[in-house]
Every structure is written in structure tokens, then in C-alpha cells.
Amino acid sequence: MIRLTLLALTVLTLTIPTAAENIVFPKDAGVVDVTQAPYKAVGDGRTDVTAAIQKASTTTRMPTRLSICPTARISFPTRSSGRPAGTAAWPRSASSSRARAATAR
Amino acid sequence: MAQKRVILQGQSRDGAVIRLKDKAPGFGDPRKPKAMVWTGRKPAQRFRNGIRNLTFDTGKGNAGAIGVQYIANNQGSVRMVKIVGEGPIGLDLGYTNEQGPCLIQDVTVEGFDVGVSMVHAVDSITMERVTVRGQKKAGISNKGQVVSIRGLRSVNTVAAVVNEGGSSVMTLLDSDLRVPPGGKSAAAAIENTGTLFARNVQTGNYAMAVRNGAGTKENAAGPNVAEFVSHKVLTMGGAKPTSLNLPIKETPVIPRDALADWVSPTEFGAVPDGKTDCTEAVQKAVDSGRKTLYFPYGNWRIDGTVEIRGDIQRVTALEGAISGSGTLKVVDGAAPAVTVERINLLYKQLSIEHASKRPVVVSGITFGKGELKYTGSGPLFIEDVCVHTIRMGERQAVYARQLNCEAKEKTKIINNGGTLWILGIKTEQIGTICETTDGGRTELCGFIYSNVNIPDGQPMFLVKDSDFSATIGESNFRGKPYPIVVEFVKAGKTSRLMREDANRRGGASILPLFVGRGK
């Protein structure tokens, strides 16, 4: 009996924490916010944000940190664009030296 | 090269949802699957990629949509992420070779044929607190990797875990795998034809807990499994064939502070131009009375020692770099625990030192020429860290999740009398992986990539008058693997577990479970 109780407790502590999250950063943190210019992703559940997220993730301002703000549903891609749906990809184009220099901040 | 150092960060897992359009063109054919998010391909240069606090939903009518194809190497994590859909794979960790090591933590996958998929033999995956639910073929499928999992929760009618083939090596701890109430499954909770070490696993409504087609060919009926090894346990020093089962401490959760409690060294005259030593201003920021020290976008240089003390409970560079030859030294202070996190020190010299009575968490950091030093008496928690060496001793304790050690030509980890627990180690280069001496206790699992010529007479593990247990998979494609897997010394008498005594993984070794008791 004692063993079972302990087993149950073990699993309980390993539940994924569900506390409300609000991950935000100061303005000077250098976080690339996909909802701000020049990316301007709109989190209304209808607008295609593929290009905005792709552009933000391929910025040469490495390390890229993307904050999807504000909390919202984002459609990916849009219903209305009619373009072939793409896969958001990690950047392929930035050269090694650029990426490294930018990492040096 | 690119495809690295990109961190996709949401504001909250449940609030920031990236959703694929219903019936999206190109995502309809499961025979030609396509991922919503793709993060790069081999070789293993995809350092530090990360995804955090987001939900990915592949929508309706997209039977060919894979949720996320993720790769990171040496250091990188998917944390607090949910993936929902109906395509072939939710979290695809097997679409390209040379995957990992990386950390998958607090991740939920709902739907899909397979929740989490791994395929290739290198470079290992570590998971903690992963939930898989409602899959059509398997919760977790491993066809080759070395995988270390703790806290897997599966709600499925199909097998929760499929660990398949000779190169698959899985450690599964503290998990709960069950068919939903009222249901019943003809499958085993764990279908194994690879190497499996399972401990404290509860199952429910399956035909059996483990169906074992490898090694001993002995199944585990279950429903609960205290400890199970698919193959014969290797022992020394008269040890019983069971793991050390060291008490595992959870990584302390450091509360996130409101922005009003964040402090930047720029408020105290720091000039982040890469030339100016900012040590003094950083120390003033630490002593400001606020709780989170952050480094804004800039080129930071610290050449002296900054004492992390007082009220500071979080130090973060927000994934940025810090130059200079200095040290961030956590000493005693008012905050009950401190985390130093999200810093890229690749090619840098900065060191971080735990010199405190308090617990210290080091998380999401790639070290360069600097070191992670441990001189304090509080426990050291490591999550998703790439470092050269770990040195620890008496009255010290390290609890690590996803630790990459690549020191060249020297012993990577030395435990002189302390307590060391590692979920998912990965190493490279010549040198003994871990020495445990002077009554130390070491328990670890993970992957040894000895892809060079390991010198004759060099043991992978050295255990001297100490307790040690391990589950290990090794790979070596172009050199000589470790000739001695364990060198065990007890009261002056030396025993050796040679490569020939271990199980085979290609030309390299597998330890399903080794236990030596020499204290």
C-alpha cells in the first residue's frame, strides 16, 4: 500500500505545469516580435502569417527570438490568400560569418 | 551555415496557437507528408534551435500534415509546447539524420498516427514530462535512437511506446501508460525489440506492460513495473542486478518576475559595445534589489567576477551572447534558488560558477572556452547544457537533464564523492566519460559518440570505491570504440568490463544496465 501511494505521488509531481503563462520581454531585449513591423503578423485566426513568421525567423539579426504577441490564435496559412501552402522553414540563407557576428551582439 | 540559433517563442502555450488552414493545399496526402514547421537538416550543426510556449494545430482535413519537424544539436529544447493534429507524426525527430542531443520537456502531442517519432542512431534525445494522447499507431516510436525519458504519460489504445531494432536504447523512468477507462488493448504498453531499461512505470488495460522480443525474451506482465531490463544486467562488486535508484530531485521552478522587477546593466552605465568591460555596472544591477537580471540586445563584455547575490533569482541573456573572460558567480543571497539561463557562450570565454548554499539551475546554455564551475554546497541542476567538463566532490549533488560534454583528451566528468544523476548524457572526443571515486554515487543514461580512435586502455567509465549504474548506447563509425567499458576498483582489486563483454551496437557497445557497488 505504501509503495502504491508513493508511486502515485511520483506521477503527480511529473504532471506538466499548467500555471497561466505570460512570457513577455522588455522593449530593449532585442526580441523579434512577429506582430510588429516589418513582419506584422495578425493573430486574428484568419490572416495568413506564414510569410511573417518565415521572414522573422530568417532575419540576420541573430539570435532571433520570436515572441508571438499578443496572445492570439494565428492561422497558418490563410484561408483567403489562395497561395500554395508552404512550410515555415528555419533560415537557410544567412552566411556563417553573418550569423556568428550577429550572435556576438 | 544557418538553420541554427533560432528560438521560436510564444507568449503562452495555450494562447499562442499556430494553426494550419483546414484542407490546406499540399497537406492532404499522408503518403507525401509535409511539415507545418521545419527546422533544418543534418549535419549536426543545428545548435541551439528551440521552440517554446506555443501550440501547433494542423487543422482539419490535413491528413498529410506533420506538426513539427525539429532538429537541434548539442543544446536546444522544445519546452512547454502542444502539438495537435491528424497526420502521420506530431513531433518528428527522425526526418533527418544526426539528430540531437536536445531536450523535449513539458510537451503534449494529441492525435496523429505517431505522437513522437525517432529514427536514426545518433545523437540521442532526452525527454521529461511528455504527454501523448489519442495516437493511431503508437504514442512514442523509436527506431534507432538512444532515448532517455522520464515522466512519460500516455493515454492511448495503441502501444504507448514502440522501441524497435538493435540500435534502439531506451531508458524509461517514472511513467504512466494507460488505455482510457473502459477500454482495453491487445497491445503491450511497451513493445520492445531493442534495449530497454524501465523503472517505476505504471500501465493500465494493456495486454501486458512490456512485450520483449529482444535479450532475455522475457515479458513484464505488469500492470506496474518496478524495474525491468530487456537484457541481462551486468554487475560488479557483488551488486544486486537493480539500478542505484538515486532519489531524483525536481529542478526548482523559478517564478517569472513582472517586468518591473527586471533590471538591465544599462541603467548603471554599462556600454554594450563589445569593448567596454561591464563588470561594475552588472554588479550594480545585481544589487539593485530587483529579481531578474537581463542583458538587452547589444555586445556585452564581462572581464571580472560578478557576484549573483541578494534578491536576484534569474539571470538571462535572452539567448544572446556575453563576451569577456569573466565569471558570473552565484554566491549566497536572499532568493531561495537562482537560475542562470538562455546564454549562448559558443566561442566565448565567460564562466559560470555555482558557489552558493542555495540550489542553482543552469539552463539552456552552450559554453565556449569558459567553464561551468561548481564550488558551492547547494545542489546544481542542469537542463539542456553544452559544456566541456563537470567537476564535483563530497557533499555536492548534480541533477542533469540533457547534458552534452565534449572535453578533448581529458576526463569529462569527475565525481569525487558526490551524488550525480544524469538523464541523457551525450559526449564526444577521447577521454574517460565519467570517473566516480571516494564513495561517490553516479547514475546516468545516454549516448556516447566515440567517433574517433579511443586509446587502448582507456575506460569509458572508471569507478573506484563508489556506486555506479548506467544505461548506455555508443556509436563509432570511423574509429575504435572504448576498449574498456567499465573499470571497477573495489578495495584495491580491479575488474574490467571489456567491449567484448557488453552488448553490440554496430561495432560499439550497449550497456542495458550496468550496476557496480564499491562503496
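Since the model is a prediction, treat every value here as computed from it, not as a measurement.

**As for the overall build of chain A**
Secondary structure assignment for chain A yields 3 helices and 5 strands. Helices (α) and strands (β) of chain A occur, in sequence order from the N terminus, as α-β-β-α-β-β-β-α. Buried residues in chain A amount to 48% of all 105 residues. Put simply, of all contacts in chain A between residues at least 6 apart along the chain, 72% involve residues at least 24 apart. Looking at chain A as shown, the accessible area adds up to about 5,500 Å², and 60% of this sits on carbon and sulfur atoms.

**A few points about the overall build of chain B**
A tally of helices and strands in chain B yields 1 helix and 43 strands. On C-alpha atoms alone, chain B measures out to a radius of gyration of 23 Å, which is about the 24 Å that the 2.2 N^0.38 rule sets for 519 residues. Its C-alpha atoms give chain B principal-axis dimensions of roughly 70 × 65 × 40 Å. Across the 519 residues that make up chain B, the buried fraction comes to 68%. Counting contacts in chain B only where the partners sit at least 6 residues apart, residues at least 24 apart contribute 57% of the total. Approximately 16,400 Å² of chain B is accessible, and the part contributed by carbon and sulfur atoms is 49%. Between the averaged position of the 66 positive side-chain charges in chain B and that of its 50 negative side-chain charges there is a distance of 4 Å.

**Quick look at the state of the cysteines**
Throughout the structure, instances matching the rule amount to 0 disulfides over all chains. Take Cys434 of chain B: it sits in no disulfide, and the sulfur closest to it among the cysteines is that of Cys405 of chain B, at 9.2 Å.

**Concerning the side chain of Asn404 of chain B**
With respect to the secondary-structure elements, Asn404 of chain B resides in strand E33 (residues 397-405). A distance of 3.1 Å separates a polar atom in the side chain of Asn404 of chain B from a polar atom in the side chain of Glu406 of chain B.

**Details of the sheet that holds strand E32 (residues 390-393) of chain B**
Residues and elements named next belong to chain B. Ordered in space as E32-E34-E36-E38-E40-E41, the 6 strands form an open sheet in which the pairing is mixed. The outermost strands of the open sheet, each flanked by one partner alone, are E32 and strand E41 (493-498). Here the strands of the sheet are splayed against their neighbours by 10° on average, with no regard to which way each runs. With 4 bridges connecting them, E32 and strand E34 (residues 413-416) associate as parallel partners. Looking across to E34, one finds that Met392 is bridged to Asn415.

**Structural notes on the confidence of the model for chain B**
Per-residue pLDDT for chain B averages 95, and the proportion of residues at 70 or more is 100%. For this predicted complex, the interface score ipTM comes out at 0.88, while the overall pTM is 0.92.

**Regarding the sheet that holds strand E28 (residues 351-354) of chain B**
Residues and elements named next belong to chain B. Here we have 4 strands laid out as an open sheet, ordered E23-E26-E28-E30, and parallel in their pairing. Each having just a single partner strand, strand E23 (305-310) and strand E30 (372-374) make up the two edges of the open sheet. Averaged over neighbouring strand pairs, the angle between their axes works out to 20° when direction is ignored. Where strand E26 (residues 327-333) meets E28, 4 bridges bridge the pair, whose relative direction is parallel. If you follow Lys329 over to E28, its bridge partner there is Glu353.

**Some words on the nonpolar core**
Ranked by internal contacts, the top residues of the largest apolar core, which has 67 residues, are Leu293, Ile308, Leu328, Phe461 and Leu511 of chain B. Counting 60 residues, the second-largest nonpolar core is a separate cluster that includes Leu8, Val107, Val161 and Val210 of chain B.

**Notes on the pairing of strand E37 (residues 441-449) of chain B**
All names here are of chain B. The element E37 is largely enclosed, with a buried count of 8 among its 9 residues. Note: strand E35 (residues 419-428) against E37, 9 bridges, orientation parallel. Opposite Leu423, over in E37, you have Cys445 as the bridge partner. In the sheet, E37 pairs with strand E39 (residues 467-475) via 9 bridges, with the strands oriented parallel. In the strand pairing of E39, Gly446 is matched with Ile472.

**Focus: unusual backbone geometry**
That bond from Ala37 of chain A to Pro38 of chain A is cis: its omega, 0°, falls within 30 degrees of zero. When you line up the elements, Pro38 of chain A lands in the loop between strand E1 (32-33) and strand E2 (44-48). The linkage connecting Gly100 of chain B with the following residue, Pro101 of chain B, adopts the cis geometry, with an omega of 0°. Within the secondary structure layout, Pro101 of chain B lies in the loop between strand E7 (89-92) and strand E8 (103-111). We note that Lys217 of chain B has phi near 60°; this positive angle belongs to a residue other than glycine.

**Let's talk about helix H1 (residues 279-286) of chain B**
All names here are of chain B. Of all 8 residues in H1, 6 are buried; the element is thus mostly enclosed. Listed as buried for H1 are Thr279, Ala281, Val282, Gln283, Ala285 and Val286. Contacts from the buried residues of H1 go to strand E20 (262-263), strand E21 (292-294), strand E22 (300-301) and E23.

**Quick look at helix H2 (residues 50-57) of chain A**
Counting buried positions along H2 of chain A yields 6 of 8 residues, so the element is predominantly enclosed. All of the buried residues in H2 of chain A are Thr50, Ala52, Ile53, Gln54, Ala56 and Ser57 of chain A.

**A word on the packing of aromatic side chains**
Residues and elements named next belong to chain B. Applying the stated criterion across every chain yields a total of 7 aromatic pairs over all chains. Ring centres of Phe447 and Tyr449 lie 5.8 Å apart, and the angle between their planes is 25°; on these two criteria the pair is classed as stacked. By relative accessible area, which is 16% here, Tyr449 ends up buried. Aromatic side chains Tyr449 and Phe477 sit 6.2 Å apart centroid to centroid with 65° between the ring planes, which places their arrangement in the edge-to-face category. Placement of Tyr449 in strand E37 and of Phe477 in the loop between E39 and strand E40 (484-490) is noted, with a sequence separation of 28 residues between them. Judged by relative accessible area, which is 57%, Phe477 ranks as exposed. Three or more aromatic residues joined by ring pairs make a cluster, and in this case those are Phe447, Tyr449 and Phe477. One Lys or Arg, Lys34, reaches over the ring of Phe27 and ends 5.0 Å from the middle of that ring.

**Observations regarding the pairing of E7 of chain B**
Residues and elements named next belong to chain B. Across 2 bridges, strand E5 (residues 65-69) lies against E7 in parallel orientation. Directly across from Gln69, in E7, lies its bridge partner Asp92. Looking at chain direction, E7 and strand E9 (residues 114-118) are connected through 3 bridges and run parallel. Within the sheet, the bridge partner assigned to Leu91 lies in E9 and is Val116.

Parameters at a glance
Residues numbered from 1 in each chain as written. Chains lettered and ligands numbered in written order. Predicted model: local features only at pLDDT ≥ 70, side-chain atom pairs only at ≥ 80, totals over all residues. Heavy atoms only, no water. Helix = DSSP H or I, 4+ residues; strand = E, 2+ residues; numbered from the N terminus. Buried < 20%, exposed > 50% of the residue type's maximum accessible area, 1.4 Å probe, protein only. Contact = heavy atoms within 4.5 Å. Areas by Shrake-Rupley, 256 points an atom, 1.4 Å probe, with all protein chains shown as cover. Rg over C-alpha atoms; globule rule 2.2 N^0.38 Å. Lys, Arg positive; Asp, Glu negative; His and termini not counted. Charge placed at Lys NZ, Arg CZ, Asp CG, Glu CD. Disulfide = S-S within 2.5 Å. Polar contact = N/O pair within 3.5 Å; in protein donor to acceptor, adjacent residues only side chain to side chain. Pairing = 2+ DSSP bridges. Axes fitted to C-alpha atoms, helices over the stretch in contact; angles between N-to-C directions. pLDDT = per-residue confidence, 0-100. Core = buried A, V, L, I, M, F, W, Y, C linked by side-chain atoms within 4.5 Å. Phe/Tyr/Trp six-rings, centres within 6.5 Å; stacked < 30°, edge-to-face > 60°. Lys NZ or Arg CZ within 6 Å of the ring centre and 35° of its normal.

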